[in-house]
Amino acid sequence: MRHSTRIAVGPVQFRIGSDWAAPVAALERLYAAYPRDDARPADATVRLFAARPWRRWLRPSVHIGGDFVVPGALPLPLAMGLLAAEMGMNLQVALGWRRHLLLHASAVARDGRALIMSGESGSGKSTLAALLGEGDWRLMGDEFTLIDPQSGDAFAFPRAVSLKNSAIAEVAARVDAARLGPLLAATPKGDVRHLIPRTDAIAAMHESARPALLLFPRFGGAASIEPMGEGEAFVRLTEASTNYVALGEAGFAALTRLVRDTPAFGVTYADSAEGIALVEQLWADVLK
Amino acid sequence: MSAVEAFVDLLAARLDPAALAPRDWEGVTGVARSEAMLATLAHRLDGAVLPPAIAALFADQRAAAEVAQRQALWEAEMARRALAPVGIEFVLLKGAAYAAAGMACAAGRQIGDLDILVLAADIRRAENALLKAGWEWVKSDPYDDHYYRAHMHELPPMIHKARDRMIDVHHTILPKTHRVTPDALALVSDAVTSVDGHAVLCPADMAVHCAAHMLADGDLQGGLRNLWDFHAMTRDFAATDAGFWGRLDGRAALHGLQAAVHRAARLSRDLYGSQLPEAWDRSDPADAWFRRRLMARDDWGRVTQPLLEQAFYIRSHWLRMPPAMLAKHLWTKWRKR
């Protein structure tokens, strides 16, 4: 393809090709601090392309493809090329990765133990992970958490955090502006702005952590903590996994082990400060 | 050497994997993924010395393919349990059949929908039994539904509501409107029992169906995979049955598919190095177009020759139905866009 770059996030080596220079330049800025091994062949291919040659210039719109393609997926305007790249990377991992059980969940780690947060978009799992990652936690990822079927350990996928809507101002107030990507306004996912993880989180991206706490956050409403049974946690995580079915017995074994060994809670919180306080309280209780 | 050439040469064991630089592999795996053959390649190169990242990727693919095959065979068992009580026996087709029969081409082969063949007389009862057992229609469009029932060789696709898996119930192997009419009764009555108890087509019919699916019905999408199936199965059938190629010729003639079967044999010789008996070892200038279509992928896994792709798409429709009917069909489809 005309423009391309290579990015390694956690265990996944991507190659990303594009018909336009801009999305690749934006990606290279966001991922400049990530380790780069140009001799390593890619695990996953992302393609950002114009459906017709003239659409590279005339009302340019970015189609997302690669190893896996979702038929009928709508293209994005070129101004949102970075979001298209992010969606393309997610798609290839979600549909193609088989080495780990993939959970659609954010995660942070402290002292080699992982806190995993799963929830629908809007639950605040990304924002909580980003904010915790600015404190004394290691950000493992805001989108996917990878569970190793052999050891049961969690592996990180610390892509650039995708901040949305009100979370943008909240996080922007606490970090160096150089760690923020361009504001992508009024995308299909609302306003989006990327946060480059801290360099120590990127440096530690190959280090696994033992799952210690599973949270199912819910943003909005009076603060509460509800213990969650193994069965409910299991069912919710099967729904949050993109490859649970494809992994068959190995996926079942990994997930049952995770919910049996890891205490789970549903938490409701009204704002981020309260969310973080609840997380710290539960973490202290669990590790007692 | 392009990635697709390297991919085909690796399958054919004409290329030493050690001759590829680490970064050459990403084009090869990209092409393999586009052809839904990554796990096939992973099996073919099991034990070879590979860059660590590729060895790890291939190990993942082999493990995943094993799970996928178990799931596909379970789906066949589910169909058996739905159809056996009403006395309908079926023949497994394509990927599930290769897996059920433990064939070499099944190693790592992706299996999509469950394809089964029943007697035309049983098709209504099969439909009812499957609906009762939890399958439901995928398409709700009345024209599509009518089109399938009036003109196709299979029922409209059904999906199981709990397991989310598709089933295609065939009563023959080419559309009713196709210029060629295979002997569907012979396909079913000469079926054989596979190692795991499912009925599958007899070896010659299996190869005929593989060639028909690729060259007489389809537009060569996924052609490299179908051709690999053809190459591997004919090689293995001929190894245990010295009269196989003769039998294949006879069955192909019975079904009116000699041209397609011979072309499949020549193409698998040209691409994968199949050893053909003398009577089959010919050349046909038109094969070049087929080879070009099969090899039309760039290092990013994209189809490189859109006009050729379009031409083969039109060809597949041309073979499937008479011109007046094709015009009416395309007109209806176009108006519904």
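Visitor: Can you walk me through the overall build of chain B in this structure?
Guide: A count of helices and strands for chain B gives 15 helices and seven strands. Against the 2.2 N^0.38 benchmark of 20 Å for 337 residues, chain B shows a C-alpha radius of gyration of 20 Å, consistent with a compact globule. Over its C-alpha atoms, taken along the principal directions, chain B stretches across nearly 55 × 45 × 40 Å. Looking at chain B residue by residue over its 337 residues, the buried ones come to 44%. Counting contacts in chain B only where the partners sit at least 6 residues apart, residues at least 24 apart contribute 64% of the total.

Visitor: What is the right way to read the overall build of chain A from this model?
Guide: If you tally the helices and strands in chain A, you get nine helices and 16 strands. Compactness check: chain A gives a C-alpha radius of gyration of 19 Å against a globular reference of 19 Å for 288 residues, within 12% of the reference. Here the C-alpha coordinates of chain A stretch approximately 60 × 45 × 35 Å along the principal axes. Evaluated residue by residue, chain A yields a buried proportion of 48% over its 288 residues. The long-range share in chain A, meaning contacts at least 24 apart out of those at least 6 apart in sequence, stands at 69%.

Visitor: How should I be thinking about the domain arrangement of chain A in this particular structure?
Guide: One frequent convention defines the size of an interface as the accessible area lost when the parts assemble. All names here are of chain A. Domain parsing of chain A yields domain 1 (3-96) and domain 2 (101-286). A straight line from the C-alpha centre of domain 1 to that of domain 2 covers 24 Å. Opposite the 17 residues of domain 1 that make contact, domain 2 presents 22 residues. Elements supplying a minimum of two residues to the side of domain 1 that touches domain 2: helix 1 (21-30) and helix 2 (81-96). Ranked by residue count, the leading element in the side of domain 1 that touches domain 2 is helix 2, at eight residues. When grouped by side-chain class, the residues that make up the side of domain 1 that touches domain 2 number 14 nonpolar, two polar and one charged.

Visitor: I keep staring at the nonpolar core and nothing clicks. Help me out?
Guide: In globular proteins that are soluble, nonpolar side chains generally tend to be buried together. B:Phe7, B:Ile116 and B:Ala211 are the most contacted members of the largest nonpolar core, which has 98 residues in total. The dominant element in this core, judged by the number of residues it contributes, is helix 4 (residues 52-83) of chain B, at 13 residues. Those residues in contact with B:Phe7, other than ones at most four positions away along the chain, are B:Val28, B:Val31, B:Ala32 and B:Leu41. Counting 88 residues, the second-largest nonpolar core is a separate cluster that includes A:Val62, A:Met89, A:Ala105 and A:Leu215.

Visitor: Any chance you could explain unusual backbone geometry here in plain terms?
Guide: Glycine aside, a negative phi is what most residues show, and trans is what most peptide bonds show. All names here are of chain B. The residue alanine 36 is not glycine, and still its phi comes out positive at about 55°. Within the secondary structure layout, alanine 36 lies in the loop between helix 2 (24-34) and helix 3 (38-44). Its identity is not glycine, yet lysine 94 carries a phi of approximately 55°, on the positive side. Looking at where lysine 94 falls in the secondary structure, it is placed in helix 5 (residues 94-100). A residue is classified by how many C-beta atoms lie within 10 Å of it, and lysine 94, with 24 of them, is buried.

Visitor: Even after reading the chapter, I still don't get the packing of helix 9 (residues 203-217) of chain B against helix 12 (residues 258-272) of chain B, so can you show me in this structure?
Guide: Residues and elements named next belong to chain B. Orientation of helix 9 relative to helix 12, taken along the N-to-C sense of each, is 90°, at an axis distance of 8 Å. By the angle between their directions, the pair helix 9 and helix 12 is classed as roughly perpendicular. From helix 9, Ala207, Val208, Ala211, Ala212, Met214, Leu215 and Ala216 reach across to helix 12, where they touch Ala260, Val261, Arg263 and Ala264. Residue composition of the contact of helix 9 with helix 12, grouped by class: 10 nonpolar, no polar and one charged.

Visitor: How do you make sense of the interface of chain B and chain A when you look at a structure like this?
Guide: Each side of the interface is counted separately: chain B has 18 residues, and chain A has 17 residues. When contributions to the side of chain B that touches chain A are tallied by element, the ones reaching two or more residues are helix 2 and helix 4 of chain B. With nine residues, helix 4 of chain B is the largest single contributor of residues to the side of chain B that touches chain A. A breakdown of the residues in the side of chain B that touches chain A according to their chemical character gives 10 nonpolar, three polar and five charged.

Visitor: Would you mind showing me how to read the sheet that holds strand 1 (residues 3-9) of chain A here?
Guide: Hydrogen bonding along the main chain pairs the strands of a sheet, whether they run parallel or antiparallel. Residue and element names in this part refer to chain A. Pairing within the open sheet is mixed, and its five strands lie in the order 1-2-3-4-5. Every interior strand has two partners, whereas the edge strands, strand 1 and strand 5 (76-77), have only one. Pairing of strand 2 (residues 12-18) with strand 3 (residues 44-49), which is carried by five bridges, proceeds in the parallel orientation. By the bridge assignment, isoleucine 16 is partnered in strand 3 with valine 46. Strand contacts of helix 2: strand 2, strand 3, strand 4 (61-66) and strand 5, with the helix running at about 145° to strand 3, the strand carrying the most contacts.

Visitor: Explain the environment of B:Val31 here, please?
Guide: All names here are of chain B. Residue position: valine 31 is located in helix 2. In the structure, valine 31 is positioned 285 residues away from serine 316 in sequence and 23 Å away in space, judged by C-alpha atoms. Once residues within four sequence positions are removed from consideration, valine 31 is found in contact with Ala3, Val4, Phe7, Arg297 and Gly301.

Visitor: Would you explain the sheet that holds strand 11 (residues 161-164) of chain A in this entry?
Guide: Residues and elements named next belong to chain A. Taking strand neighbours across the sheet as the criterion, the three strands line up as 11-13-12 in an open arrangement whose pairing is antiparallel. Edge positions in the sheet fall to strand 11 and strand 12 (184-187), since each has one partner strand and no second. Ignoring strand direction, the axes of neighbouring strands in this sheet form an average angle of 35°. Across two bridges, the pairing between strand 12 and strand 13 (residues 190-195) is antiparallel. What sits directly across from leucine 184, in strand 13, is valine 192.

Visitor: Which parts of the structure should I look at to understand the confidence of the model for chain B?
Guide: Reading fine detail from the predicted coordinates is not recommended where pLDDT is low. Per-residue pLDDT for chain B averages 93, and the proportion of residues at 70 or more is 100%. Confidence metrics for the complex model read pTM 0.92 and ipTM 0.92.

Visitor: Can you walk me through helix 1 of chain A in this structure?
Guide: Every α-helical turn comprises 3.6 residues, leaving residues that sit three or four positions apart pointing alike. All names here are of chain A. For helix 1, every residue scored as buried is listed here: Pro23, Val24, Ala26, Leu27 and Leu30. Looking straight down helix 1, one finds its buried side chains confined to an arc of 160°; they lie on one side. Buried-residue contacts for helix 1 involve strand 1, strand 2, strand 3, strand 4, helix 2 and strand 13.

Visitor: Quick question: what am I supposed to make of the packing of helix 6 (residues 230-240) of chain A against helix 8 (residues 249-261) of chain A here?
Guide: Each packed pair of helices is defined by two parameters, the angle between the axes and the distance between the axes. Residues and elements named next belong to chain A. Interhelical geometry of helix 6 versus helix 8 gives an angle of 135° and a closest axis separation of 9 Å. One element, helix 6, and the other, helix 8, form an angle in the oblique class. Pair helix 6 / helix 8 crosses with right-handed handedness. Contact residues: Glu230, Ala233, Phe234, Leu237 and Thr238 in helix 6; Leu255, Thr256, Val259 and Arg260 in helix 8.

Thresholds, definitions, all that
- Residues numbered from 1 in each chain as written.
- Chains lettered and ligands numbered in written order.
- Predicted model: local features only at pLDDT ≥ 70, side-chain atom pairs only at ≥ 80, totals over all residues.
- Helix = DSSP H or I, 4+ residues; strand = E, 2+ residues; numbered from the N terminus.
- Rg over C-alpha atoms; globule rule 2.2 N^0.38 Å.
- Buried ≥ 20, exposed ≤ 12 C-beta atoms within 10 Å, placed from the backbone.
- Contact = placed C-beta atoms within 7 Å.
- Domains from an automatic or database assignment.
- Nonpolar A, V, L, I, M, F, W, Y, C, P; charged D, E, K, R; others polar.
- Core = buried A, V, L, I, M, F, W, Y, C linked by C-beta atoms within 7 Å.
- Axes fitted to C-alpha atoms, helices over the stretch in contact; angles between N-to-C directions.
- Parallel < 35°, antiparallel > 145°, perpendicular 65-115°, else oblique.
- Pairing = 2+ DSSP bridges.
- pLDDT = per-residue confidence, 0-100.
- Arc of directions from axis to C-beta.
- Left-handed = near helix turned anticlockwise from the far one by under 90°.

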